[in-house]
Amino acid sequence: MGRAFVYVILGGGVAAGYAALEFTKKGVSHGELCIISEEPVAPYERPALSKGFLLPEAPARLPAFHTCVGANEERLTPKWYKEHGIELILGTRVKSADVRRKTLLTAAGETISYKFLIIATGARALKLEEFGVSGSDAENVCYLRDLADATRLADVMQTSTGGNAVVIGGGYIGMEVAASLVINKINVSMVFPEPHCMGRLFTPKIASYYEEFYQSKGVNFVKGTVLQSFVFDPDGKVTGVNLKDGTNLPADLVVVGIGIRPNTSLFEGQLTLEKGGIKVNSRLQSSNSSVYAVGDVASFPVKIFGESRRLEHVDAARKSARHAVAAIIEPDTTPEFDYLPFFYSRVFSFSWQFYGDNLGEAIYFGDFSGPSFGAYWVHKGHLVGSFLEGGSKEEYEAIAKVTRLKPAVDDLSELERQGLGFVMALSQKLPVAPVINVGSSVSAVVLEKPLYPWHATAGVVVAASIAAFAY
Ligand code: FAD
């Protein structure tokens, strides 16, 4: 049993949806393209799962957040794929791949062959068991990577109102889920080994701004330690956690966000790997010329830093997917992928954006007791990274434009004195850059300055959160 396609996208997440849209823009014919996904639904905007999906009122549900609404583009429902002659092979895991023969074998035993393959398998959530802790398959221990995880988490949250949640991990997932739990009136303790939250990106000063706010909402931070074991009731439900430092915390719900591992295993020994992902060139092409890799699974050259990186962020997934399609269909006219790393998050009424790299010395600006502040990173005499909380559309555009240029900075105190004015003045002299959308229905909210001071009352914060929490 088998089918043959010209183009196959393996994986049905964010990158797959954006690649499909790009294929149709480039004129793919009916029957030429298929997407194979383990998930039972068409590609969707994964960031929605820790934001709008977990709201207590009017939560986001499919089909509202199918790709590509996160970039203000068409919403690709199953009907759209049908109308465009794109085969969606859903609920189907590929269990092996043979890049020499250009075939994939599904768990159902079907062989699917391709001329060009785009690997968009993303990543999986790391499990506690990989760190020697057992019991994370209990009904009230949740991970958050896909729709099934989010559905389970939303269900457990509903039965835990007024109770206690322990969030393991202080990164993106931990911070966003903790905010959702608070909004759902659940008491939250966050446990992580680092000295502050978002350890990979934030400096202690930036982290303390958010931590103080979380604490004002009742979040209890337990830092410098890790989970050692669970406490179970006779039904196998977790009722508490024991930490390595001896602390015991009661738990009606545990959410684990301790990182991800790229899904490369099908290609190990067949394609060159790098930085935990599939190594690709600036055309997103792997060590096999018929195979491309995009999104979380790809390690690609980041031109402005002169080295390859694997990024775990939605903007990189969207843009690398589009670029790979262009490189396949229009190889002679598609330039090298020249990507400026861009991350964002929205929690409570906060909204921040980060561009570039957090290397070197951090120079702060703005009012850390008010609604808008930021930081630049200066490395070897050049501005290489910018962070801004609570910026306006023009301000976010300006930090993106200027960071891409890596301008020379001779005087750090002058940069500190000028603050945001530095990028605003410099960006006026530059040509207009395309606007980076971070979410469709939210862009108007996200890209405007928050209306409220950071110490707003609970009611205001919840209202703002609901408006700003989407995709
Ligand atoms: P994914 O979207 O993970 O898609 C991979 C797909 O491949 C899945 O459908 C999977 O089932 C499928 N697959 C894997 N292996 C197989 C196989 N063998 N056979 C068949 N199918 C397979 N980034 C931000 O920048 N900002 C945010 O605010 C943000 N929030 C996030 C919130 C959550 C809850 C999560 C989980 C991620 C968030 N991210 C965020 C990260 C962002 O969603 C990812 O970077 C993005 O989804 C990567 O896209 P991808 O297509 O590479 O992988």
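Residues numbered from 1 in each chain as written. Predicted model: local features only at pLDDT ≥ 70, side-chain atom pairs only at ≥ 80, totals over all residues. Heavy atoms only, no water.

An unreviewed UniProt entry annotates the chain as monodehydroascorbate reductase (NADH) of Ambrosia artemisiifolia. Under the Sequence similarities (unreviewed entry) heading, UniProt states for the chain: "Belongs to the FAD-dependent oxidoreductase family." Turning to the chain, the UniProt record has this under Cofactor (unreviewed entry): "FAD". (UniProt positions renumbered as here; feature names shortened; annotations may be inferred.)

Asker: Explanation requested: the UniProt feature "domain: Monodehydroascorbate reductase 3-like C-terminal" (unreviewed entry) in the chain in the structure shown.
Answerer: Mapped onto this structure's residue numbering, the UniProt feature "domain: Monodehydroascorbate reductase 3-like C-terminal" (unreviewed entry) falls at residues 340-422. Helix makes up 28% of residues 340-422 and strand makes up 41%, while its end C-alpha atoms are separated by 19 Å. (Helix = DSSP H or I, 4+ residues; strand = E, 2+ residues; numbered from the N terminus.)

Asker: I would appreciate a short explanation of the confidence of the model for the chain in the present structure.
Answerer: Interpretation of the predicted coordinates at a detailed level should be avoided for regions scoring low in pLDDT. For the chain, the average pLDDT comes to 91, and 91% of its residues sit at 70 or higher. Throughout residues 434-470 the model reports pLDDT below 50, and contacts reaching past four residues in sequence, or to other chains, amount to 85 contacts. (pLDDT = per-residue confidence, 0-100. Contact = heavy atoms within 4.5 Å.)

Asker: Hey, could you run me through helix 5 (residues 204-216) in this one?
Answerer: Residues lying three or four places apart along an α-helix face the same way, a consequence of the helix completing one turn every 3.6 residues. Between its first and last C-alpha atoms helix 5 spans 18 Å; for 13 residues at 1.5 Å apiece the expected length is 18 Å, and the two agree. Along helix 5, the residues classified as buried are I206, A207, Y209, Y210, E211, F213 and Y214. (Expected span 1.5 Å × (residues − 1). Buried < 20%, exposed > 50% of the residue type's maximum accessible area, 1.4 Å probe, protein only.)

Asker: Any chance you could explain the pairing of strand 28 (residues 382-389) here in plain terms?
Answerer: For a regular strand, side-chain orientation follows a simple rule: the groups alternate between the two sheet faces. Within strand 28, seven of the eight residues are buried, which leaves the element mostly enclosed by the surrounding structure. The pairing of strand 25 (residues 350-356) with strand 28 spans five bridges and is antiparallel. The residue bridging Q353 from the neighbouring strand is L388, located in strand 28. Inspection of the sheet shows strand 27 (residues 373-379) paired to strand 28 by seven bridges, in the antiparallel sense. Each residue of the ladder has a partner; that of F373, found in strand 28, is E389. The hairpin formed by strand 27 and strand 28 contains two residues between the paired strands, and K380 there has a positive phi angle of roughly 50°. (Pairing = 2+ DSSP bridges.)

Asker: Would you mind showing me how to read the site of the ligand here?
Answerer: In the vicinity of the ligand, 35 residues are found, and the nearest of them are E39, R46, K51, R145 and D296. Within the backbone of A15, a nitrogen or oxygen atom sits 2.8 Å from an oxygen atom of the ligand. At 3.3 Å, a backbone N or O of Y344 approaches a nitrogen atom of the ligand. Burial of the ligand by the protein amounts to 94% of the accessible area it has alone, namely 1,000 Å². Looking at the shell around the ligand, the elements with two or more residues in it are helix 1 (14-25), helix 4 (172-183) and helix 6 (314-329). (Near = heavy atom within 4 Å. Polar contact = N/O pair within 3.5 Å; in protein donor to acceptor, adjacent residues only side chain to side chain. Areas by Shrake-Rupley, 256 points an atom, 1.4 Å probe, with all protein chains shown as cover.)

Asker: Which parts of the structure should I look at to understand the sheet that holds strand 8 (residues 116-119)?
Answerer: Sheet strands associate in pairs through backbone hydrogen bonding, adopting either a parallel or an antiparallel arrangement. Within the open sheet, the five strands sit side by side as 4-3-2-8-21. Their pairing is parallel. With partners counted over all chains shown, the strands left at the sheet margins are strand 4 (87-89) and strand 21 (291-293), one partner each. Within this sheet the neighbouring strands show an average axis-to-axis angle of 20°, counted without direction. In this structure, strand 8 lies alongside strand 21, joined through three bridges in parallel fashion. Looking at the pairing, I119 lines up with A293 of strand 21. Packing of helix 1 onto the sheet brings it into contact with strand 2 (7-10), strand 3 (33-36) and strand 8, and relative to strand 2 it is tilted by some 160°. (Axes fitted to C-alpha atoms, helices over the stretch in contact; angles between N-to-C directions.)

Asker: What am I meant to see in the packing of aromatic side chains here?
Answerer: The relation between two aromatic rings is expressed through the spacing of the ring centres and the mutual angle of the planes. Overall, the coordinates contain 34 aromatic pairs when judged by the stated rule. Considering the side-chain rings of Y210 and F350, the 5.3 Å spacing of their centres and the 90° angle between planes classify their relative orientation as edge-to-face. Pair noted here: Y210 is in helix 5 and F350 is in strand 25, with a separation of 140 residues, a long-range link. The exposure class of Y210 is buried, given its relative accessible area of 1%. Their ring planes at 50° and their centres at 6.1 Å tell us that Y210 and F373 sit as a pair that is tilted. Note that Y210 is positioned in helix 5 and F373 in strand 27, a separation of 163 residues in sequence. (Phe/Tyr/Trp six-rings, centres within 6.5 Å; stacked < 30°, edge-to-face > 60°.)

Asker: Would you explain the sheet that holds strand 25 in this entry?
Answerer: Across the sheet, five strands lie side by side as 24-25-28-27-26; this open sheet has antiparallel pairing. With partners counted over all chains shown, the strands left at the sheet margins are strand 24 (342-347) and strand 26 (361-366), one partner each. Sheet twist, expressed as the average angle between the axes of neighbouring strands with direction ignored, equals 15°. Set on the sheet, helix 5 makes contact with strand 24, strand 25, strand 26, strand 27 and strand 28; between it and strand 27 the angle comes to about 155°.

Asker: In this structure, what is going on with the state of the cysteines? I would like to understand it.
Answerer: Where two cysteines share a covalent bond between their sulfur atoms, that bond is called a disulfide. By the definition in use, this model includes zero disulfides. Among the cysteines around C34, which has no disulfide bond, C68 carries the closest sulfur, lying 17 Å off. We classify C34 as buried; its relative accessible area is 0%. (Disulfide = S-S within 2.5 Å.)

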